[in-house]
Amino acid sequence: MVQRRSLAVPHGVPILAVSFLACVAAGVELSVNNHAADFTLSTGPSPAISLSCLVHNSSQAEELLWYRGAGQVELKDGNKVNISNICISPVNESDNGVTFTCRLARDKAVQVSVTLDVQFPPHLSGEETLHVEEDKDVTLTCNSKSNPQGQSTWLKDNQSLTLQQSRHKLYQTSEVFQLSISKVQKSDNGTYTCLVESRLGSGTRDFHLIVEDKKPVFPKEAVIAAVVVVTITILFGIVARKDQFLKCFKKPKETALR
């Protein structure tokens, strides 16, 4: 006959209480600004943005934690239990792409994250004046920050730049626009404008290119050869006239007295 064994229950721990706590831990949910899952919040630069985290499906007090990226946000007492609010002030370009996360303190796997999508028009920077010798190469670098990413155009003296495949090269990343000119000529003198446009606006940056006269270059080999020739000539001259030099340093003979 098969014997049946009953599971032992620790004295003083009701079965219903254990089951209830397990259900509570499994059913707790969070929401941030009424979003129960991770989301992206699109905004422009603004004085402030509020994020509100709320506990759902829990009949007990639940402590909440906030994180900015990997760093924990310090919360005041009274702003940690069941509902917690943080204020981001001000919101600027540096906040673009930053993630804020609300987590349940006793189970950090329960969380909701919001990523800021801060949108702003292009802002440009770069060296304004460049001096280059004729026949040298030069690169104009236009640094651009914008969200969404803008499209670039190069102008020369307020006119569309006609690109020559053999002399002009364009390079572009999300934040850098470059115009390279090989073997610059006097005709390349002028003001080059980097124009970046997006749906939120546009930005410009002027670059003044000054092409200077080509400096005369003396070949090293010719200079070295000239120095060697001069040195050898001087040495030969000294050797040829050594007798005269020695006479100058000889003492006069003394006259003997009789």
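Up top you'll find the structure we're talking about.
The rules we used
Residues numbered from 1 in each chain as written. Predicted model: local features only at pLDDT ≥ 70, side-chain atom pairs only at ≥ 80, totals over all residues. Heavy atoms only, no water. Pairing = 2+ DSSP bridges. Helix = DSSP H or I, 4+ residues; strand = E, 2+ residues; numbered from the N terminus. Polar contact = N/O pair within 3.5 Å; in protein donor to acceptor, adjacent residues only side chain to side chain. Contact = heavy atoms within 4.5 Å. Disulfide = S-S within 2.5 Å. Buried < 20%, exposed > 50% of the residue type's maximum accessible area, 1.4 Å probe, protein only. Axes fitted to C-alpha atoms, helices over the stretch in contact; angles between N-to-C directions. Core = buried A, V, L, I, M, F, W, Y, C linked by side-chain atoms within 4.5 Å.

A.B. asks: Which parts of the structure should I look at to understand the pairing of strand β12 (residues 151-156)?
C.D. replies: The two faces of the sheet receive side chains in turn, since in a regular strand these alternate between them. Examined bridge by bridge, β12 and strand β16 (residues 190-198) share six bridges and lie antiparallel to one another. Considered in β16, the bridge of Lys156 is made with Tyr192. Pairing between β12 and strand β13 (residues 159-160): two bridges, direction antiparallel. Residue pairing across strands places Lys156 opposite Gln159, the latter belonging to β13. Counting the residues in the hairpin turn of β12 and β13 gives two residues, including Asp157, whose phi is positive at 50 degrees.

A.B. asks: Even after reading the chapter, I still don't get the side chain of Glu62, so can you show me in this structure?
C.D. replies: Locating Glu62 in the fold gives a position in the loop between β3 (49-56) and β4 (64-68). A polar contact is formed between the side chain of Glu62 and the side chain of Arg106, at a distance of 2.8 Å. Leave out the neighbours within four places in its chain, and Glu62 touches Val28, Val55, Lys80, Val81, Asn82, Leu104 and Arg106.

A.B. asks: I tried to follow the state of the cysteines on my own but got confused; where do I start?
C.D. replies: Here is the idea: a disulfide is a covalent bond, and it sits between the sulfur atoms of two cysteines. The tally for this structure, following the rule as stated, stands at two disulfides. A sulfur-sulfur distance of 2.0 Å marks the disulfide that ties Cys53 to Cys102. Between Cys53 and Cys102 the disulfide shows an S-S torsion of about -85 degrees. By sign, it is left-handed. Of this pair, Cys53 sits in strand β3 while Cys102 sits in strand β7 (residues 99-104); the two residues are 49 residues apart in sequence, bridging distant segments of the chain. Owing to a relative accessible area of 0%, Cys102 belongs among the buried residues under this scheme. Here Cys142 engages in a disulfide with Cys194; their sulfurs sit 2.3 Å apart.

A.B. asks: Explain the sheet that holds strand β1 (residues 29-32) to me, please; I cannot follow it from the model alone.
C.D. replies: Sheet strands line up and pair through hydrogen bonds in the backbone, either parallel or antiparallel. The three strands are arranged β1-β3-β6 in an open sheet whose pairing can be described as antiparallel. The sheet terminates laterally at β1 and β6 (83-88), the two strands that pair on one side only. On average, adjacent strands in this sheet sit at an angle of 15 degrees to one another, irrespective of strand direction. Of the strand pairs in this sheet, β1 and β3 are connected by four bridges, and their pairing is antiparallel. Bridged to Ser31 within β3 is Leu54.

A.B. asks: I'm lost on the nonpolar core in this one. Help?
C.D. replies: Proteins that are soluble and globular tend to have nonpolar side chains buried together. Core analysis: the biggest nonpolar cluster contains 24 residues, and Leu30, Val32, Leu51, Trp66 and Phe100 have the highest contact counts within it. Breaking this core down by element, the ones donating at least two residues are β1, β3, β4, β6, β7 and β8 (107-118). With five residues, β8 is the single largest residue contributor to this core. Among the nonpolar cores identified, the runner-up in size contains 18 residues, and Leu140, Leu161, Phe177 and Val184 belong to it.

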